[in-house]
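Geometric and topological summary
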Amino acid sequence: MAAFLRSKCSSVGRTLMGGLGNNLFGAVNSSVETVSRPPHCDPICQQIRTFIQMRTNLKVVDNSGAKRVMCIQSLRGKKGARLGDTIIGSVKEAQPRGKVKKGDVVYGVVVRAAMKRGRNDGSEIQFDDNAIVLVNNKGELIGTRVFGPVPHELRKKKHLKILALAEHIV
């Protein structure tokens, strides 16, 4: 679960001998790393990351009982959802004796997205996975804990309860 924070002014570069798996830039144990890619490897190394749209599988990072949710509809617009947006999803995998069951239709707030998001200071934030926190139709959290890093952009979207319960704010 490494989050990549890319600064336009960064001088750290990727070596040509590095692997081309999910770990593109050598961030094995760190949660946030500042990197800048050489311009000649952009089309080869970069996987296209898009909005969270219909049929996207998302990891659930709270203790509501769901493990994986498939997006049914984005409540943001036609393109899809980004960080802090609300989606409607169907639970595909769930833990036994959880608050939600497999097949339930639930609301969720996107807390991690693999698509890059620019910040006001010129940096960009990008996570390795797509993850949500389940909420009810009023916007209240179903779970009582939030695992992993969450971005501070959730403050602008008025999801302060998620930030209060989060382990790490990026």
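Refer to the structure above for everything that follows.
Summarised in this report is the structure supplied together with it. From a predicted model like this one, the values you see are computed outputs, not experimental measurements.

When helices and strands are tallied, the chain shows two helices and 11 strands. The helix and strand sequence of the chain, counted from the amino end, reads β-β-α-β-β-β-β-β-β-β-β-α-β. Across the 170 residues of the chain, 44% fall into the buried class. Sequence-distant contacts, at least 24 apart, represent 54% of the contacts inside the chain between residues at least 6 apart. Looking at the chain as shown, the accessible area adds up to about 9,800 Å², and 51% of this sits on carbon and sulfur atoms.

Moving on, we come to the pattern of salt bridges. For the structure on display, the rule yields five salt bridges. For Arg 119, the salt bridge goes to Glu 153, with nearest N and O atoms at 2.7 Å. Taken together, the positions of Arg 119 in the loop between strand E7 (117-118) and strand E8 (123-127) and Glu 153 in the loop between strand E10 (146-150) and helix H2 (160-165) put the pair 34 residues apart, joining distant regions of the chain. Of the residues examined, Glu 153 reaches a relative accessible area of 6% and is grouped as buried. Through salt bridges with shared partners, a single ionic network connects Arg 76, Asp 85 and Lys 157.

So, on to unusual backbone geometry. Of note, the phi angle at Arg 55 is positive, near 75°, even though the residue is not glycine. A positive phi angle, close to 60°, is found at Arg 97, a residue other than glycine. Its place among the elements puts Arg 97 in the loop between strand E5 (86-94) and strand E6 (105-112). In this structure Arg 97 comes out as exposed when scored by relative accessible area, which is 79%.

Checked against the element boundaries, Val 109 lands in strand E6. Between the C-alpha atoms of Val 109 and Ile 87, which are 22 residues apart in sequence, the distance is 6.4 Å.

Below, the discussion takes up the environment of Ile 88. Tracing the backbone shows Ile 88 in strand E5. Once the C-alpha coordinates of Ile 88 and Cys 71 are considered, the two residues, 17 residues apart in sequence, prove to be 6.0 Å apart. If we ignore the near neighbours within four places in the chain, the residues touching Ile 88 are Met 70, Cys 71, Ile 72, Gln 73, Leu 75, Val 105, Val 106 and Tyr 107.

Rules used in this analysis
Residues numbered from 1 in each chain as written. Predicted model: local features only at pLDDT ≥ 70, side-chain atom pairs only at ≥ 80, totals over all residues. Heavy atoms only, no water. Helix = DSSP H or I, 4+ residues; strand = E, 2+ residues; numbered from the N terminus. Buried < 20%, exposed > 50% of the residue type's maximum accessible area, 1.4 Å probe, protein only. Contact = heavy atoms within 4.5 Å. Areas by Shrake-Rupley, 256 points an atom, 1.4 Å probe, with all protein chains shown as cover. Salt bridge = Lys/Arg side-chain N within 4 Å of Asp/Glu carboxyl O.

By themselves, these observations are geometric and do not establish any function.
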